[in-house]
Amino acid sequence: MAPSPEFDQEEFVRALLDPDLPPPAGLKATHDLPPLRRFAVYRNNVVVGLIDALAERFPVCLRLVGEEFFRAMALRHVRRSLPRTPLLFEYGEDFAEFVAGFEPARSLPYLPDVASLEYAMGRACHAVDATPLPLDLVRSLPLERLEAATASFHPSTQVVPSDYPIVSIWRANMATDPPRSLTLDHAEDALVVRPRLDVEAHALPSGGSAFIETLMGGGAFGEAASAASRRAKDFDLTANLRMLLASEALTAINI
Amino acid sequence: MWAPSASERICERRNPALPARAGVGFKDAHFTAIEESAPAVGFFEVHAENFMGAGGPPHARLTRLRRDYPLSIHGVGLSIGGAQALDRAHLGRVKSLVERYEPAVFSEHLAWSTRATSFLNDLLPLPYNETTLKRVVAHVDEVQEALGRRILLENPATYLRFESSIYSEIDFLGEVVHRTGCGLLLDVNNTYVCAVNHGFVAEDYIDAFQMRQVEEIHLAGYAEDMDEVRGRLRIDAHCAPVSVAVWRLYERALSRRGSVATLIEWDNDVPAWPILMAEAMRAENLLERRRLPGDDDLRSEAPHGAVA
Amino acid sequence: MFEKKLGSAFMIAGAFAAALASVETAKAENADQEKCYGVALKGKNDCAAGPGTTCAGSASKNYQGSAWKYVAKGTCTAIVTPKGKGSLEPIAN
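Everything numeric here is computed off the predicted structure, so don't read it as measured data.

Undergrad: Kindly report on helix H6 (residues 169-180) of chain B, identifying the contributing residues and their values.
TA: With 12 residues, H6(B) should cover 16 Å at 1.5 Å per step; its first-to-last C-alpha distance of 16 Å lies within 8% of that length. The element H6(B) is extensively covered by neighbouring structure, given that 9 of its 12 residues are classed as buried.

This is how it looks when you write it as structure tokens:
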């Protein structure tokens, strides 16, 4: 009797991910035919499970393109890019990039940015907990020293820039009612933050991303205001400060 | 080849067991219902990997559950049956989680799910031979040493077997238990699924299983399929109520083991909370019957290796 | 330079005071609501933890992907770009 072939996990995985390959050698079914259908159970488990994970991570993208298109697109992504850790909630890090290069979806130029927004919201969900800066404390700050002060942000805080109104698109598609018609005549940079347990996405006022990114990079309020007004002619400082306070993205103002 | 020091130390440090009651696999969708109705569930089980983020709602929910119920943590990502070394970073995450929540039980699978740095998100099968036995034993040892506790290893649902297997599944598990001192998690649905898929008698498997080492039972529903010769295939899809056949096997297992913590797993097409709760109550009633006085635990330890 | 700096400091202090007052007003007006700040979006599952692992197999079959997927069943058709409504291209297998 010939010795049984040693089990080769590499071969097993290659065949799992490529349905054109035959099942690996050395498998046994209750019959003597190549066990295609049985091996297909594993192929399904892997691929369908990961498509499901992407569908759950990117529900608005799914709603935008429809279930069938999304799953066909996700299948291609799964084959190219498997999760790198067993932490499935991290899966999809490079999905937005994949979508941006996916020809059949190129007529939806906002789709990659919506994917980036959804991924950022997922990251915010699992970020370290921190207590937002209470308004009582804000009230007692010496305002005249604010220009040179820096800000500390909640660890969940992220800015997702876009040339499309991604927050409006997201909002219109998270409702259960039929979507209303949206016209893409303006851009929205998104501020994602999870001050407590709920993840929130806000459309930043003009210049908001430059303002917040400067602050997040350790720049002072004065510096951030200058950077933002250089970037956006109609930068409104009050509106941006209001957004910072209202979103509860700050955990401290360091005078 | 009894590996004395490490495993013996670990056996001495057994954690308090799960209550011999029915528990439920926790789903986010049920959190509000659980919070509002404070159901009489014996314990909750969660997947370790879903609670490895830094913060946020998952930990808030789990902290709340842990406060009110005994907890079992079930890993799906350690790839204990894998050819490659355990992922130390992942083992570290498991350790932190177990230290943080101090569950009554930590369990994993006799399966593999990782290749190099890719996670495949499925419990893949392995041959049962000397090579794989050594690996699994080394991996279980490593996990138990890292966690400082005994773990439970679950029998898998499989759709194929390997020409290179020389052990039956029961003998293989028995050897792992013998060499590492780990305990067992008997998944009765997996037993049934394997029996159909591989053409053996499920009752024989239950009768031969090392019941003394079983500290938890899993119950779930399967999906039906067919292979290329129209042979019956059963898929462990956790998408349906527990089948009549599996309830029957469960009673058979209980008659040997006595009452033991029993989990209802329902992970796909998750039903409304009352339906899941009704499944748990059905298991609870069977456990209750086993708790009657005069019903000895572990009365018939059959010889191993009869099947599979 | 000094004047500019002073002006900038005054400007920021003033804007901050106005922003704070506005947020506090909004908070007071919405005091009876669960969420105090009016600008927050609340989606139907914005505190969902995202995809979880499974130890179950899949009952559905999709590992091959069918030959053609041409789909306009999504809501993208409700979105109008300056170039018109977007439409999806077929995905060749």
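Text resumes after the structure shown.
Undergrad: Account for the interface of chain B and chain C, naming residues and giving values.
TA: Taken together, the contacts link 21 residues of chain B with 11 residues of chain C. Across the chain B/chain C interface, buried area totals approximately 1,200 Å², and carbon plus sulfur atoms make up 55% of it. Taken together, the connections running from chain B to chain C amount to 0 salt bridges. Remark: the boundary between chain B and chain C carries 4 residue pairs in polar contact (both at pLDDT 80 or more). Every element with two or more residues in the side of chain B that touches chain C is listed here: helix H3 (57-68), strand S6 (118-124) and strand S11 (223-226) of chain B. With 3 residues, the top contributor of residues to the side of chain B that touches chain C is H3(B).

Undergrad: Before we move on, could you go through helix H10 (residues 273-290) of chain B and cite the residues and values that matter?
TA: All names here are of chain B. Taking 1.5 Å of rise per residue, the 18 residues of H10 would be expected to cover 26 Å, and the 26 Å separating its terminal C-alpha atoms lies within 8% of that figure. What H10 keeps buried is the set Trp-273, Leu-276, Met-277, Glu-279, Ala-280, Ala-283, Glu-284, Leu-286 and Leu-287. Of the surrounding secondary structure, the elements contacted by the buried residues of H10 are strand S1 (22-25), helix H2 (31-37), strand S2 (43-47), strand S10 (214-220), helix H9 (244-257) and strand S13 (262-265).

Undergrad: How would you sum up the environment of A:Ser81? Please name residues and give values.
TA: All names here are of chain A. Summarising the element assignment, Ser-81 is placed in the loop between helix H4 (67-80) and helix H5 (95-100). When the C-alpha atoms of Ser-81 and Phe-98 are compared, they prove to be 9.4 Å apart, with 17 residues separating the residues in sequence. For Ser-81, the contacting residues outside a window of four places in its chain are Tyr-91 and Asp-94.

Undergrad: How would you sum up the side chain of A:Ser168? Please name residues and give values.
TA: Turning to its location among the elements, A:Ser168 is positioned in helix H8 (residues 166-174). Beyond its immediate sequence surroundings of up to four residues, A:Ser168 is in contact with A:Leu182, A:His186 and A:Glu188.

Undergrad: Tell me about the packing of helix H9 (residues 208-216) of chain A against helix H11 (residues 237-247) of chain A, and name the residues and values.
TA: All names here are of chain A. Packing of H9 against H11 leaves a shortest axis separation of 10 Å and a crossing angle of 55°. Relative to H11, H9 is oriented oblique. Remark: the crossing between H9 and H11 carries right-handed chirality. Two secondary-structure elements touch here, H9 through Gly-208, Phe-211, Ile-212 and Leu-215 and H11 through Leu-237, Asn-240, Leu-241 and Leu-244. Grouping the amino acids of the contact of H9 with H11 by side-chain chemistry returns 6 nonpolar, 2 polar and no charged.

Undergrad: Requested: an account of the confidence of the model for chain C, with residues and values cited.
TA: Residues and elements named next belong to chain C. When pLDDT is averaged along chain C, the result is 66, and 43% of the positions lie at 70 or above. Here strand S1 (residues 68-69) stands out as the least confident element of chain C, with mean pLDDT 45; helix H1 (residues 2-29) is the most confident, with 82. In this model residues 33-46 is a low-confidence stretch, pLDDT under 50, and it forms 34 contacts with partners more than four residues away in sequence or in other chains.

Undergrad: Can you lay out the packing of aromatic side chains for me, pointing to particular residues and giving the numbers?
TA: Per the stated rule, a full pass over the model turns up 24 aromatic pairs over all chains. Measuring from ring centre to ring centre gives 6.2 Å for B:Phe26 and B:Phe31, while their planes differ by 80°; the resulting arrangement is edge-to-face. Here B:Phe26 matches B:Phe31 in class, with each residue buried. Taken together, A:Phe58, A:Phe69, A:Phe70, A:Phe95, A:Phe98, A:Phe102 and A:Tyr119 form an aromatic cluster joined through their ring pairs.

Undergrad: I'd like to hear about the environment of A:Phe58, residue by residue, with values.
TA: Residues and elements named next belong to chain A. Counting through the fold element by element, Phe-58 comes out in the loop between helix H2 (36-57) and helix H3 (59-65). Judged by relative accessible area, Phe-58 falls into the buried class, the value being 0%. In this structure the C-alpha to C-alpha distance between Phe-58 and Leu-117, which are 59 residues apart in sequence, comes to 9.1 Å. Beyond its immediate sequence surroundings of up to four residues, Phe-58 is in contact with Phe-70, Gly-92, Phe-95, Ala-115, Glu-118 and Tyr-119.

Undergrad: Can you tell me about the sheet that holds strand S9 (residues 183-187) of chain B, naming the residues and giving the values?
TA: Residue and element names in this part refer to chain B. Pairing in this closed barrel of 8 strands is parallel, and the strands run S1-S2-S3-S4-S7-S9-S10-S13 around the ring. Adjacent strand axes in the sheet meet at a mean angle of 30°, parallel and antiparallel pairs treated alike. With 3 bridges joining them, S1 and S13 adopt parallel strand pairing. Across the sheet, Val-24 pairs through a bridge with Ile-264, a residue of S13.

Undergrad: Requested: an account of unusual backbone geometry, with residues and values cited.
TA: All names here are of chain B. Its identity as a non-glycine residue notwithstanding, Glu-102 has a phi of 40°, on the positive side. On the basis of relative accessible area, Glu-102 is assigned to the exposed category, the value being 54%. Even without being a glycine, Asn-121 presents a positive backbone phi close to 55°. One can find Asn-121 in strand S6. Relative accessible area serves as the criterion here: at 2%, Asn-121 is assigned to the buried category.

Quick notes on the rules
- Residues numbered from 1 in each chain as written.
- Chains lettered and ligands numbered in written order.
- Predicted model: local features only at pLDDT ≥ 70, side-chain atom pairs only at ≥ 80, totals over all residues.
- Heavy atoms only, no water.
- Helix = DSSP H or I, 4+ residues; strand = E, 2+ residues; numbered from the N terminus.
- Expected span 1.5 Å × (residues − 1).
- Buried < 20%, exposed > 50% of the residue type's maximum accessible area, 1.4 Å probe, protein only.
- Contact = heavy atoms within 4.5 Å.
- Buried area = accessible area lost by both parts, 1.4 Å probe.
- Salt bridge = Lys/Arg side-chain N within 4 Å of Asp/Glu carboxyl O.
- Polar contact = N/O pair within 3.5 Å; in protein donor to acceptor, adjacent residues only side chain to side chain.
- Axes fitted to C-alpha atoms, helices over the stretch in contact; angles between N-to-C directions.
- Parallel < 35°, antiparallel > 145°, perpendicular 65-115°, else oblique.
- Left-handed = near helix turned anticlockwise from the far one by under 90°.
- Nonpolar A, V, L, I, M, F, W, Y, C, P; charged D, E, K, R; others polar.
- pLDDT = per-residue confidence, 0-100.
- Phe/Tyr/Trp six-rings, centres within 6.5 Å; stacked < 30°, edge-to-face > 60°.
- Pairing = 2+ DSSP bridges.

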